[in-house]
Structure formats: structure tokens, C-alpha cells
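# Structural characterization, general
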Amino acid sequence: MKLVIAIVQDDDASKLVDKLMKTGYSVTKLASTGGFLKSGNTTILTGVKKEEVDNVIKIIEELCSSRKMITTPPPPVAWSSGVYMAYPVEVQVGGATIFVVDINRFEKV
Ligand code: 2BA
């Protein structure tokens, strides 16, 4: 069994969860925050059989779009008394960042 962890944009999360559920996969949706943009994204967890992983990734690819965002990165949490110059930057936020990890043991009690 494998755990597919997908970090997706909030705008794509609902339709992705709906599609995964309709296809028969169990899903957990977590509110998460990207370290760079410090803005919300969504992390989807789905535990599936090894042979289902490619299908899950295909569904994610179909429903999650890459978008350009122009943003001003926030200042570091702790910065000295120097002047902070904030420049807008354009970043390409991926459709999804996906990790597939082995599950050693899966129990429902
Ligand atoms: P964030 O960390 O908020 O990053 C949002 C986007 O900002 C990234 O899109 C990337 O295009 C850009 N970016 C990130 N760090 C940067 C940096 N140091 N300098 C310039 N641009 C930078 P994605 O790569 O598609 O990542 C989207 C979200 O997926 C990330 O949000 C983060 O929450 C997660 N993520 C991506 N790679 C990860 C990893 N290796 N481990 C854990 N989470 C990851």
C-alpha cells in the first residue's frame, strides 16, 4: 500500500476531492501553508493499493492547474533593524507537488 500526498492549490482542492471520492478512493484534506508564499494551499492524503497510484496521479494531473502568481514575499520572521525592501516576484506555482510513500502498516481499529 502507498500513501499519496499531494499539495495542491486551494482553488483545485474541492473538485479533486470530489473526483477521488467518486472514483472510490478515501481522502483526507488538510489545510496547509506554503513555506515560500506563506499562503494557504491544500494537502490531500490518499492511501491506495500500489497499482492505483498511477491512476490517482493521473486524476491529480487532470484537475490541478499550474498558475503564475505575482507576490511579495513576506519579510523573514526575525530580521534586524535594517530597511526591508519588498519587491514583487512572479512565481509559477505547480499544479501539484506529489509525494508517494510506502505504508508499512495500515490499520483501522
Ligand atoms: P510555497 O512554498 O508557498 O511555494 C510556492 C511557489 O513558490 C513554488 O511552487 C515555487 O514556484 C515558488 N518557490 C518556492 N520556494 C521558492 C524559492 N526559495 N525561491 C523562489 N521561488 C520559490 P511549487 O514548487 O509548485 O510548490 C507549491 C507548494 O508545494 C509550496 O508552496 C509548498 O507548500 C509545497 N512544496 C513544494 N515543494 C515541496 C517540497 N520539496 N517539500 C514540501 N513541500 C513542498
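Residues numbered from 1 in each chain as written. Predicted model: local features only at pLDDT ≥ 70, side-chain atom pairs only at ≥ 80, totals over all residues. Heavy atoms only, no water.

## Overview of unusual backbone geometry
For Lys38, which is not glycine, the phi dihedral falls at a positive 55°. Tracing the backbone through its elements, the reader meets Lys38 in the loop between β2 (28-33) and β3 (40-48). (Helix = DSSP H or I, 4+ residues; strand = E, 2+ residues; numbered from the N terminus.)

## Some points on the nonpolar core
One finds Val8, Leu16, Leu20, Ile44, Val56 and Ile60 to be the most contacted residues of the largest nonpolar core, which totals 17 residues. The biggest single contributor to this core is helix α2 (residues 53-63), with five residues. In this view, Leu16 contacts Val8, Ile44, Ile59, Ile60, Leu63 and Cys64; residues no more than four positions away in its chain are not counted. (Core = buried A, V, L, I, M, F, W, Y, C linked by side-chain atoms within 4.5 Å. Buried < 20%, exposed > 50% of the residue type's maximum accessible area, 1.4 Å probe, protein only. Contact = heavy atoms within 4.5 Å.)

## A few points about the pattern of salt bridges
Following the criterion strictly, the structure yields five salt bridges and no others. Among the salt bridges present, the one from Asp12 reaches Arg67, with a minimum N-O distance of 2.8 Å. With Asp12 in helix α1 (residues 10-23) and Arg67 in strand β4 (residues 67-71), this pair connects stretches of sequence that are 55 residues apart. Assessed through its relative accessible area of 0%, Asp12 is described here as buried. Here Arg67 falls in the partly exposed class, since its relative accessible area comes to 25%. The shortest N-O distance in the salt bridge between Arg105 and Glu107 comes to 2.9 Å. Here the residues in one salt-bridge network are Asp12, Lys15 and Arg67, joined through shared partners. (Salt bridge = Lys/Arg side-chain N within 4 Å of Asp/Glu carboxyl O.)

## Description of the packing of α1 against α2
At a closest axis distance of 10 Å, the pairing of α1 and α2 adopts a crossing angle of 145°. Crossing of α1 over α2 shows right-handed handedness. Every residue of α2 that contacts α1 at Asp12, Lys15, Leu16, Lys19, Leu20 and Thr23 is listed here: Asn55, Val56, Ile59, Ile60 and Leu63. When its residues are assigned to classes, the contact of α1 with α2 shows six nonpolar, two polar and three charged. (Axes fitted to C-alpha atoms, helices over the stretch in contact; angles between N-to-C directions. Left-handed = near helix turned anticlockwise from the far one by under 90°. Nonpolar A, V, L, I, M, F, W, Y, C, P; charged D, E, K, R; others polar.)

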